[in-house]
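An overview of the molecular structure
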Amino acid sequence: MSKKLTADATAAAPVSFEEAMAELAQLVAQMEAGQLPLEASVAAYARGSELVKFCAAQLEKVESQVKVLEGEMLKPFVVTGEGEQ
């Protein structure tokens, strides 16, 4: 199930946050397994950095949208227990 890194994989921009996170998880698993040669490890690290930047930008974009929806004031998220109403 291990995919090898190719030049195409390192150049393709992620389509969505979820796709980027899935690819990032796959890269981390490959690197943790220690089965990648040195050059592939460096390429995986570089691609991982790109994916992290993409995800961070997506999260900032969503946070900005939430601020607009909440009138520039983020409200704390409160989790209630199952029995509480």
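Keep in mind that what you see is a predicted model, and the values were worked out from it rather than measured.

**Overview of the nonpolar core**
A20, L24, L27, L36, A40, A44, L51 and C55 together form the largest nonpolar core, which totals 8 residues. Contributions of two or more residues to this core are made by α2 (17-33) and α3 (38-69). Here this core takes 4 residues from α3, the largest share from any one element. Not counting residues within four places of it along the chain, the set of residues in contact with L51 comprises P14, A20, E23, L24 and L27.

**Some remarks on the pattern of salt bridges**
Tallying each qualifying case throughout the model produces 2 salt bridges. Where E23 meets R47, a salt bridge forms, and the shortest distance between an N and an O atom there is 2.8 Å. Taken as a pair, E23 in helix α2 and R47 in helix α3 lie far apart in primary sequence, 24 residues in all. The pair formed by E23 and R47 is uniform in burial state, with each residue classed as buried.

**Comments concerning the packing of α2 against α3**
Where α2 meets α3, the closest approach of the two axes is 9 Å, and the angle between their N-to-C directions is 150°. Relative to α3, the element α2 lies roughly antiparallel. Remark: the crossing between α2 and α3 carries left-handed chirality. On the side of α2, the interface is formed by F17, A20, M21, E23, L24, L27 and M31, while α3 contributes S41, A44, Y45, R47, G48, L51, V52, F54, C55, Q58 and L59. Class assignment of the residues belonging to the contact of α2 with α3 gives a composition of 13 nonpolar, 3 polar and 2 charged.

**Structural notes on the confidence of the model for the protein**
Put simply, the protein has an average pLDDT of 81, and 75% of its residues get 70 or more. Here helix α1 (residues 7-11) stands out as the least confident element of the protein, with mean pLDDT 46; α2 is the most confident, with 94. Contacts of residues 1-10 to residues separated by more than four positions or lying in other chains number 14 contacts, the stretch itself having pLDDT below 50.

**Description of α2**
Under the 1.5 Å per step criterion, the end-to-end length of α2 is 24 Å for 17 residues, consistent within 8% with the ideal 24 Å. Of all the residues in α2, the buried ones are A20, E23, L24, L27 and Q30. Down the axis of α2, the buried set is contained in an arc of 125°. They therefore lie on one face. In α2, those exposed residues whose orientation departs by more than 90 degrees from the buried face are E18 and E32. Where α2 ends, the next residue or the one after it, G34, has phi of about 70°, a positive value.

Rules used throughout
Residues numbered from 1 in each chain as written. Predicted model: local features only at pLDDT ≥ 70, side-chain atom pairs only at ≥ 80, totals over all residues. Heavy atoms only, no water. Core = buried A, V, L, I, M, F, W, Y, C linked by side-chain atoms within 4.5 Å. Buried < 20%, exposed > 50% of the residue type's maximum accessible area, 1.4 Å probe, protein only. Helix = DSSP H or I, 4+ residues; strand = E, 2+ residues; numbered from the N terminus. Contact = heavy atoms within 4.5 Å. Salt bridge = Lys/Arg side-chain N within 4 Å of Asp/Glu carboxyl O. Axes fitted to C-alpha atoms, helices over the stretch in contact; angles between N-to-C directions. Parallel < 35°, antiparallel > 145°, perpendicular 65-115°, else oblique. Left-handed = near helix turned anticlockwise from the far one by under 90°. Nonpolar A, V, L, I, M, F, W, Y, C, P; charged D, E, K, R; others polar. pLDDT = per-residue confidence, 0-100. Expected span 1.5 Å × (residues − 1). Arc of directions from axis to C-beta.

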